[in-house]
Amino acid sequence: MTEEKLSFQAEVSRLLDIVANALYSNKEIFLRELISNASDACDRLRYLALTNPDLLGDDAAFAITLATDKQASTLTVSDNGVGMNREELIENLGTIARSGTAAFVKDMESQKEGAGLIGQFGVGFYSAFMVADRVEVETRKAGEEQGWRWASDGLGEFLVADHTEAPERGTKVTLHLKEDAKEYLEAARLRQVVKTYSDHIAIPIRLIDGEEGEDEASINAASALWTRPKSDISDEQYKEFYHHTAHAFDDPWMRLHFKAEGVIEYAGLLYIPSMKPFDLFHPERKSHVKLYVRRVFITDDCEELLPAYLRFLRGVIDSEDLPLNVSRELLQNNPMLAKIKSGVTKRVLAELKKKAEKASDDYKAFWENFGAVLKEGIYEDQSQREALLDLARFHSTAGDELTSLADYASRMKEGQETIFYISGEDREALLKSPQLEGFRATGVEVLLFTDPVDDFWTSVVEGYQEKTFKSVTRGGADLKNIVANEDEKADEADAKDESDADVSALVTFVKLVLKDEIKDVRASERLTESPVCLVADDDDIDMHLERVLKQHKQLNETARRILELNPKHSLVKKLALEIGADSSSAKAEDVAHLLLDQARILEGETLPDPLAFSRRLAAVMEKGLSTDA
Ligand code: ADP
Ligand code: MG
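Residues numbered from 1 in each chain as written. Chains lettered and ligands numbered in written order. Predicted model: local features only at pLDDT ≥ 70, side-chain atom pairs only at ≥ 80, totals over all residues. Heavy atoms only, no water.

**Q** Would you mind going over the overall build of the chain with me for this structure?
**A** When its secondary structure is counted, the chain shows 22 helices and 22 strands. For the chain, the spread of C-alpha atoms along the principal axes amounts to about 110 × 60 × 45 Å. Looking at the 629 residues of the chain, the share that counts as buried comes to 51%. Expressed as a percentage of contacts within the chain between residues at least 6 apart in sequence, the contacts between residues at least 24 apart total 72%. Of the roughly 30100 Å² that the chain leaves accessible, carbon and sulfur atoms contribute 48%. (Helix = DSSP H or I, 4+ residues; strand = E, 2+ residues; numbered from the N terminus. Buried < 20%, exposed > 50% of the residue type's maximum accessible area, 1.4 Å probe, protein only. Contact = heavy atoms within 4.5 Å. Areas by Shrake-Rupley, 256 points an atom, 1.4 Å probe, with all protein chains shown as cover.)

Below, the structure written as structure tokens:
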């Protein structure tokens with residue numbers, strides 16, 4: 001016999017410490033966790049047996065068994081699922097694989113009071129130590145000779161040894177119950193806990209009561225939850241199924257239980273979480289919805305089942321038509337799967353639309369969590385583009401509330417033909433952009449795009465309800481044709497008292513000085529307060545997108561910008577006068593460069609030549625001081 005003592009990963013030790021000392025009233029959830037693992041293990045073996053039926057031997061009926069021994073004060077949870085080999089045993093029951101749990105442990109440490117959250121999050125297998133002071137695991141992996149034993153008192157170390165008395169196949173977890181957890185020796189109590197948390201488990205859960213020698217065939221409903229009529233399923237059962245199948249512990253924000261009948265048949269039970277899953281923005285953009293074929297779990301990693309922009313969905317889709325022995329290759333480009341994908345996508349978007357209309361505040365909570373993901377679809381999925389644009393919500397210059405495009409459109413000014421937006425890192429910074437000044441003055445609303453994905457979909461979308469999208473940092477401002485409303489007209493009239501300077505000579509001069517650095521110079525329509533700003537030419541890439549691409553090394557060169565001068569600004573006016581008088585001075589040239597650098601700074605960009613900037617600024621300041629003196 002080889003017996004080895006190993007240490008838990010540091011995080012596990014910390015977690016066990018929290019778990020063991022938790023003065024937590026909901027300790028019963030340990031059973032939910034162990035049954036959930038047993039059920040997963042059976043699902044996994046059932047799948048492997050599709051291609052390798054020998055793995056099942058003559059034991060094809062999956063079951064989970066609870067057995068009590070009052071004398072020994074033990075409760076065992078066994079399954080005839082896939083089992084574990086030595087490496088898996090050490091990896092799975094010695095470390096924390098799930099990033100969610102790891103993050104949870106970190107969180108708990110920072111707030112000692114957080115122990116009550118254990119029930120909410122669930123800590124999987126380790127929750128056994130809430131009720132047991134010693135846990136033994138005997139296991140044999142399906143198809144392998146060697147069995148293994150794992151044992152620990154949850155204090156830093158565990159023991160692993162080979163084991164001849166391990167079950168034929170699968171895993172048996174024995175809990176040596178703590179003094180204050182003896183209630184889990186009672187059949188009635190176990191039955192109650194199973195009903196509460198594990199009734200949705202599709203595999204029969206048997207109960208063997210050691211004392212009375214009773215053996216109940218099944219204490220749960222033992223049918224797949226999604227196959228039952230909605231009216232037979234309670235909210236609690238729906239919720240527990242979500243926790244089990246998503247390995248999540250928040251409450252679902254929305255659920256969708258449906259059956260599609262017709263040419264192809266499938267059922268679905270899908271959930272949208274109320275909290276952001278940890279891997280939401282992982283570059284793999286993995287789907288987590290489980291694919292079943294006629295109640296048999298196939299995979300939770302099927303790229304073709306749902307579009308990546310719905311990767312926040314959790315739950316199950318169960319097809320009646322796919323062959324049971326579907327391989328990865330068969331799933332690729334499978335027309336049946338493609339139909340399921342588009343059918344489910346439409347259903348989900350339709351349901352979201354209903355929510356958006358009927359419960360707009362609640363919908364905003366969803367949007368804050370998953371809007372940035374859903375918007376990827378605007379870019380990727382032309383077939384759902386309209387629907388997705390309808391679902392999209394944005395911040396705008398009109399106030400703090402999120403707005404839909406339809407609402408934006410209803411507020412558009414007479415003569416306004418485009419939906420204006422500005423994109424950048426964050427709302428606060430965007431609101432200070434000089435390019436917004438003219439829009440604010442004419443009362444034209446501008447959408448504030450702050451998700452990186454906004455830069456991408458705006459480059460492919462033609463428009464919304466016949467209206468095109470236009471960045472306020474690109475091209476002309478198009479403000480001339482827009483009729484300002486009465487108040488704003490009055491404001492404008494006030495401003496007009498001071499007439500614009502004739503800046504044509506200044507424009508020509510600056511253009512000449514900066515000809516190597518910018519594409520053009522012009523008098524601005526969009527500025528009211530700032531002296532200068534930069535904009536991109538109509539055909540050029542949006543400035544923010546350009547910055548994003550450069551950051552990610554997807555772009556090397558920068559398109560040359562257009563420098564706009566504000567003819568209402570006193571600095572520009574003075575310069576216009578001065579250039580009129582004498583355009584040959586070195587000082588005037590310095591000023592032209594400084595104007596450009598100033599515009600760059602306003603844009604949040606780094607200066608290409610800070611040294612020259614500093615020298616010019618010093619020179620101009622010095623002259624300013626000496627004339628004053
Ligand atoms: P999770 O179930 O979320 O992965 P757990 O802590 O509950 O986290 O379990 C850790 C891992 O241990 C599981 O992912 C699984 O690989 C393994 N495991 C636990 N119980 C069993 C079991 N009864 N049969 C086979 N593997 C198991
Ligand atoms: Mg688990």
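**Q** What exactly am I supposed to notice about the side chain of Asp454 here?
**A** Within the secondary structure, Asp454 is located in helix H16 (residues 452-457). For Asp454, a relative accessible area of 1% puts it in the buried group. Within the local environment of Asp454, its side chain forms a polar contact with the backbone nitrogen of Thr450, the two atoms lying 3.4 Å apart. (Polar contact = N/O pair within 3.5 Å; in protein donor to acceptor, adjacent residues only side chain to side chain.)

**Q** It is not clear to me how the pairing of strand E3 (residues 74-79) should be interpreted in this structure. Could you clarify?
**A** In terms of burial, E3 is largely enclosed, as six of its six residues are buried. The alternating pattern of E3 places Thr74, Thr76 and Ser78 and Leu75, Val77 and Asp79 on opposite faces, both of which are buried. Linking two consecutive strands that pair antiparallel, namely strand E2 (residues 64-69) and E3, is a turn of four residues; a positive phi of about 60° is found at Ser73 within it. Across six bridges, E3 lies against strand E7 (residues 170-177) in antiparallel orientation. Residue pairing for E7: Val77 is matched across the bridge by Val173. (Pairing = 2+ DSSP bridges.)

**Q** When you look at the packing of aromatic side chains in this model, what are you seeing that I'm missing?
**A** The geometry of an aromatic ring pair is captured by two quantities: the separation of the ring centres and the angle between the planes. One pass over the structure, following the stated rule, counts 26 aromatic pairs. Ring geometry for Phe30 against Tyr184: centres 5.0 Å apart, planes inclined by 80°, an arrangement best described as edge-to-face. Pair noted here: Phe30 is in helix H2 (residues 29-51) and Tyr184 is in the loop between E7 and helix H6 (187-197), with a separation of 154 residues, a long-range link. Taking the relative accessible area as the measure of exposure, Phe30 reaches 0% and is therefore buried. (Phe/Tyr/Trp six-rings, centres within 6.5 Å; stacked < 30°, edge-to-face > 60°.)

**Q** Sorry if this is basic, but what is going on with the sheet that holds strand E21 (residues 532-535) here?
**A** Across a sheet, paired strands are connected by hydrogen bonds in the backbone, their directions being either parallel or antiparallel. The three strands lie next to each other as E20-E22-E21, forming an open sheet whose pairing is mixed. Two strands bound the open sheet, and with one partner strand each, they are strand E20 (520-523) and E21. Each neighbouring strand pair of the sheet contributes to a mean axis angle of 25°, computed without reference to strand direction. Here helix H18 (residues 504-513) sits on the sheet in contact with E20 and strand E22 (562-565), set at roughly 160° to E20. (Axes fitted to C-alpha atoms, helices over the stretch in contact; angles between N-to-C directions.)

**Q** It is not clear to me how unusual backbone geometry should be interpreted in this structure. Could you clarify?
**A** Excluding glycine, a negative phi dihedral is what most residues carry, and trans is how most peptide bonds are arranged. The phi dihedral of Arg294 is positive, around 40°, even though this residue is not glycine. Locating Arg294 in the fold gives a position in the loop between strand E12 (290-293) and strand E13 (296-299). Overall, Arg294 belongs to the partly exposed group, its relative accessible area being 33%. Even without being glycine, Asn333 reaches a positive phi, approximately 55°. Judged by relative accessible area, Asn333 falls into the exposed class, the value being 76%.

**Q** Help me understand the sheet that holds strand E17 (residues 418-423), please; the structure alone is not making it clear to me.
**A** Strand order in this open sheet of five strands is E16-E15-E18-E17-E19, and the pairing throughout is mixed. Of all strands in the sheet, those with a lone pairing partner are strand E16 (399-404) and strand E19 (468-471), marking the two edges. Taken over all neighbouring pairs, the strand axes of this sheet differ in orientation by 45° on average, direction set aside.

**Q** Looking at this model, I keep getting lost on helix H19 (residues 543-551). Mind explaining?
**A** Residues separated by three or four positions in an α-helix point in the same direction, a consequence of the helix having 3.6 residues per turn. For H19, every residue scored as buried is listed here: Met543, His544, Leu545, Glu546, Val548 and Leu549. Where the residues of H19 are buried, they touch E17, H16 and E21. Backbone nitrogen of His544 and a side-chain oxygen of the N-cap are separated by 3.0 Å at the start of H19; the cap is Asp542.

**Q** Help me understand the packing of H2 against helix H7 (residues 235-246), please; the structure alone is not making it clear to me.
**A** Packed helices, taken two at a time, are described by their axes: the angle between them and the distance between them. Two elements in contact, H2 and H7, have axes whose closest approach is 10 Å; the angle formed by their N-to-C orientations is 60°. Between H2 and H7, the angle is such that the two are oblique. Regarding H2 and H7, the two cross each other, and that crossing is right-handed. The segment H2 lies against H7, with Arg32, Ser36, Ser39 and Asp40 engaging Glu240, His243 and His244. Of the residues in the contact of H2 with H7, the class split is no nonpolar, four polar and three charged. (Parallel < 35°, antiparallel > 145°, perpendicular 65-115°, else oblique. Left-handed = near helix turned anticlockwise from the far one by under 90°. Nonpolar A, V, L, I, M, F, W, Y, C, P; charged D, E, K, R; others polar.)

**Q** Would you take a moment to explain the environment of Glu605 for this structure?
**A** Residue placement: Glu605 occurs in the loop between helix H21 (586-602) and helix H22 (610-628). When the C-alpha atoms of Glu605 and Arg547 are compared, they prove to be 8.7 Å apart, with 58 residues separating the residues in sequence. With residues up to four places along the chain from it excluded, the contact list for Glu605 reads Arg547, Arg561 and Arg600.

**Q** What am I meant to see in the nonpolar core here?
**A** When a protein is soluble and globular, its nonpolar side chains tend to lie buried together. Residues Phe312, Leu352, Phe366 and Leu374 are the most contacted members of the largest nonpolar core, which totals 71 residues. For this core, the element with the highest residue contribution is helix H9 (residues 335-358), accounting for seven residues. In this structure, Leu352 is in contact with Trp253, Met254, Ile272, Tyr363, Phe366, Leu374 and Leu391, ignoring residues within four places of it in sequence. Within the second largest apolar cluster, 58 residues are counted, among which are Ile96, Ala142, Trp148 and Ala187. (Core = buried A, V, L, I, M, F, W, Y, C linked by side-chain atoms within 4.5 Å.)

So, to be careful, I would describe these as geometric facts and stop short of saying anything about function.
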